[in-house]
Amino acid sequence: PTEIDADLFTIVGNMNIGIRFIKSQEQKIEVARLNMRAGEMAIASSSFNSAAKYLNLGISLLPDDSWESEYDLTLRMYNAATEANYVTGDFEALSSIIHIPLFEARCFNDKLGIYDTLVRYLIASDKQREGISKCASVLSQLGETIPNDVDSQIYDEEAREVKRSLRGISENDIL
């Protein structure tokens, strides 16, 4: 940890209090970066409520063209913010940001973390069918096919394949 990391929460907290006085876009991006660092540090220490506050504020400081001008920062910020909002159960904040990176991210791999959080959010929101559908869509994009109708023959074939794959593996190996 650097010297600034030891006081990062205090520094970022004070900067966030005075955020309305920051006018230049360069300064806003720098404060967004500091909020990103503080958010990541808060996540690392399992302080998800604090992380969500830093990350949501950081997102609000990003310029409109951040997906072009600050792609890596923007992607990291959205990934971390969606996770922090999910863990804290702030589904209102989560739902307001989760679809943005799915639209803006440059490649499928950059969307995978968001898809993971989206599916968990859907399941937690009692939208299991939508979550399963989203999983099937993601798996399809990864080249896996999921049959729409699973009859007993397909189930039996899959069960046999799983048993074959697990042959010789103990319960302790699995755990």
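Higher on the page you've got the structure.
Small disclaimer: the values here were computed from a predicted structure and weren't measured.

With that out of the way, let us pick up the overall build of the chain. Within the chain, the regular secondary structure consists of 12 helices and 0 strands. Counting from the amino terminus, helix and strand elements in the chain follow one another as α-α-α-α-α-α-α-α-α-α-α-α. Its C-alpha radius of gyration of 21 Å places the chain more than 25% over the 16 Å reference for a compact globule of 175 residues. Relative to all contacts within the chain whose residues are 6 or more apart in sequence, the contacts with residues 24 or more apart total 54%. For the chain, the exposed surface amounts to about 11300 Å²; the carbon and sulfur share of it is 51%. Separation of charge centres in the chain, based on 17 positive and 28 negative side chains, amounts to 2 Å.

Before going further, it helps to spend a moment on a nonpolar patch on the surface. A cluster of nonpolar side chains, namely Val 162, Leu 166, Ile 169, Ile 174 and Leu 175, defines an oily patch on the protein surface of about 510 Å² accessible area. When you line up the elements, Leu 175 lands in the segment after helix 12 (171–174).

In this model helix 3 (residues 25–44) runs 28 Å from its N-terminal to its C-terminal C-alpha over 20 residues, within 8% of the 28 Å that 1.5 Å per residue would give. Those residues of helix 3 that sit buried are Ile 29, Val 31, Ala 32, Leu 34, Asn 35, Met 36, Ala 38, Gly 39 and Ala 42. Contact partners of the buried residues in helix 3: helix 2 (8–17), helix 4 (48–61) and helix 6 (71–88).

Grouped together as the largest cluster of nonpolar side chains are 24 residues, with contacts concentrated most on Met 36, Leu 55, Ile 59, Leu 73 and Met 77. At the level of elements, helix 3, helix 4 and helix 6 are the ones that each hand at least two residues to this core. Broken down by element, this core gets its largest block of residues, 8 residues, from helix 6. Excluding anything up to four places from it in sequence, Met 36 contacts Leu 55, Leu 73, Arg 76, Met 77 and Ala 80. Core analysis: the second largest hydrophobic core is formed by 10 residues, Ile 98, Ile 114, Leu 122 and Val 138 among them.

So, about the packing of helix 3 against helix 6. Where helix 3 meets helix 6, the closest approach of the two axes is 10 Å, and the angle between their N-to-C directions is 40°. The angle between helix 3 and helix 6 places the two elements in the oblique class. In this structure, helix 3 crosses over helix 6, and the sense of that crossing is left-handed. The residues of helix 6 that touch helix 3, namely those facing Ile 29, Ala 32, Arg 33, Met 36, Glu 40 and Ile 43, are Leu 73, Arg 76, Met 77 and Ala 80.

Basis of the calculations
- Residues numbered from 1 in each chain as written.
- Predicted model: local features only at pLDDT ≥ 70, side-chain atom pairs only at ≥ 80, totals over all residues.
- Heavy atoms only, no water.
- Helix = DSSP H or I, 4+ residues; strand = E, 2+ residues; numbered from the N terminus.
- Rg over C-alpha atoms; globule rule 2.2 N^0.38 Å.
- Contact = heavy atoms within 4.5 Å.
- Areas by Shrake-Rupley, 256 points an atom, 1.4 Å probe, with all protein chains shown as cover.
- Lys, Arg positive; Asp, Glu negative; His and termini not counted.
- Charge placed at Lys NZ, Arg CZ, Asp CG, Glu CD.
- Patch = residues over 30% accessible without salt bridge, like charges linked within 9 Å, V, L, I, M, F, W, Y side chains within 5 Å.
- Salt bridge = Lys/Arg side-chain N within 4 Å of Asp/Glu carboxyl O.
- Expected span 1.5 Å × (residues − 1).
- Buried < 20%, exposed > 50% of the residue type's maximum accessible area, 1.4 Å probe, protein only.
- Core = buried A, V, L, I, M, F, W, Y, C linked by side-chain atoms within 4.5 Å.
- Axes fitted to C-alpha atoms, helices over the stretch in contact; angles between N-to-C directions.
- Parallel < 35°, antiparallel > 145°, perpendicular 65-115°, else oblique.
- Left-handed = near helix turned anticlockwise from the far one by under 90°.

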